[in-house]
Amino acid sequence: QVQLVESGGGLVQPGGSLRLSCAASGSFCSISTMGWYRQAPGNQRELVATITSGGSTNVADSVKGRFTISKDNAKKSVYLQMDSLKPEDTAVYYCNAAIRRALGLRSTDYWGEGTLVTISS
């Protein structure tokens, strides 16, 4: 069973910082792209940032220059450093990973349960 477990959400004041972490566990042979998405109340889930196995990143314009995505292949983990946070960054943040469970199988998208980030004074 493959699982993605997120941590690091919470309440922070505008202008503050948070760091989200997500670790993949279970039985699988490879991870290609990992990333973060978010969903605010009443909105659709949207991409925040992704990072490929080779280290190429894609960051949403709304967070570019404030959020940084990184990964640790050995720990099967992805991180999201969020700086200069704004109230509009308030959302549930979801970890996503494209994981191949065995050779010869196609990659499957897995999702974490989400972690709430609230930006408020």
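Definitions and cut-offs
Within each chain, residue numbers correspond to sequence positions counted from 1 in written order. Reporting in this predicted model follows two pLDDT cut-offs: at least 70 for local features of residues, and 80 or more for side-chain atom pairs to be given and counted; totals over whole chains, interfaces and linings ignore these cut-offs and use all residues. Where side-chain values are given, they derive from all heavy atoms of the structure, hydrogens and water being excluded. Note on aromatic contacts: the rings of Phe and Tyr and the six-membered ring of Trp form a pair at centre separations within 6.5 Å, being stacked when their planes are under 30 degrees apart, edge-to-face when over 60 apart, and tilted otherwise. Think of it this way: any DSSP run of H or I at least four residues long counts as a helix, any run of E at least two long counts as a strand, and we number them from the N terminus. Charges are assigned to positions over rings by a cutoff of 6 Å between ring centre and Lys NZ or Arg CZ, combined with an angular limit of 35 degrees from the ring normal. Here the rule is simple: two strands pair whenever DSSP picks up at least two bridges between them. The axes used here are C-alpha line fits, helices contributing only the stretch in contact, and every angle between their N-to-C directions lies in the interval 0 to 180 degrees. Note on contacts: a residue pair qualifies if any of its non-hydrogen atoms lie within 4.5 Å across the two residues.

Enquirer: Give me the lowdown on the packing of aromatic side chains, citing residues and values where you can.
Expert: Geometry of an aromatic ring pair is reported as the spacing of the ring centres plus the angle between the planes. The tally for this structure, following the rule as stated, stands at one aromatic pair. With centroids separated by 5.1 Å and ring planes inclined at 65 degrees, the aromatic side chains of Tyr37 and Trp111 adopt a geometry described as edge-to-face. Of the two residues, Tyr37 is situated in strand β4 (residues 30-39) and Trp111 in strand β10 (residues 108-111); the sequence distance between them amounts to 74 residues. Sitting over the ring of Trp111, Arg45 keeps its end group 4.7 Å from the ring centre.

Enquirer: How would you explain the pairing of strand β7 (residues 67-72) if you had to name every residue and give the values?
Expert: Sheet analysis places β7 next to strand β8 (residues 77-82), joined by six bridges and oriented antiparallel. Its bridge partner lying in β8, Lys71 is registered against Val78. Hairpin connection of β7 to β8: four residues between the antiparallel strands, including Lys76 at a positive phi of 55 degrees.

Enquirer: Outline the sheet that holds β8, listing residues and values.
Expert: With antiparallel pairing, four strands are arranged side by side in an open sheet as β1-β3-β8-β7. At either margin of the open sheet sits one strand with a lone partner, and together these are β1 (3-7) and β7. Within the sheet, the average angular offset between the axes of one strand and its neighbour, ignoring direction, is 15 degrees. Relative to β8, strand β3 (residues 18-25) runs antiparallel, the two being bridged by six bridges.

Enquirer: Residues and numbers for the environment of Ser121, please.
Expert: For Ser121, the location among the structural elements is in the segment after β11 (115-119). For the pair formed by Ser121 and Pro41, sequence separation is 80 residues and the distance between their alpha carbons is 19 Å. With residues up to four places along the chain from it excluded, the contact list for Ser121 reads Gln13 and Pro14.

Function cannot be inferred from these measures alone, as they are strictly geometric.
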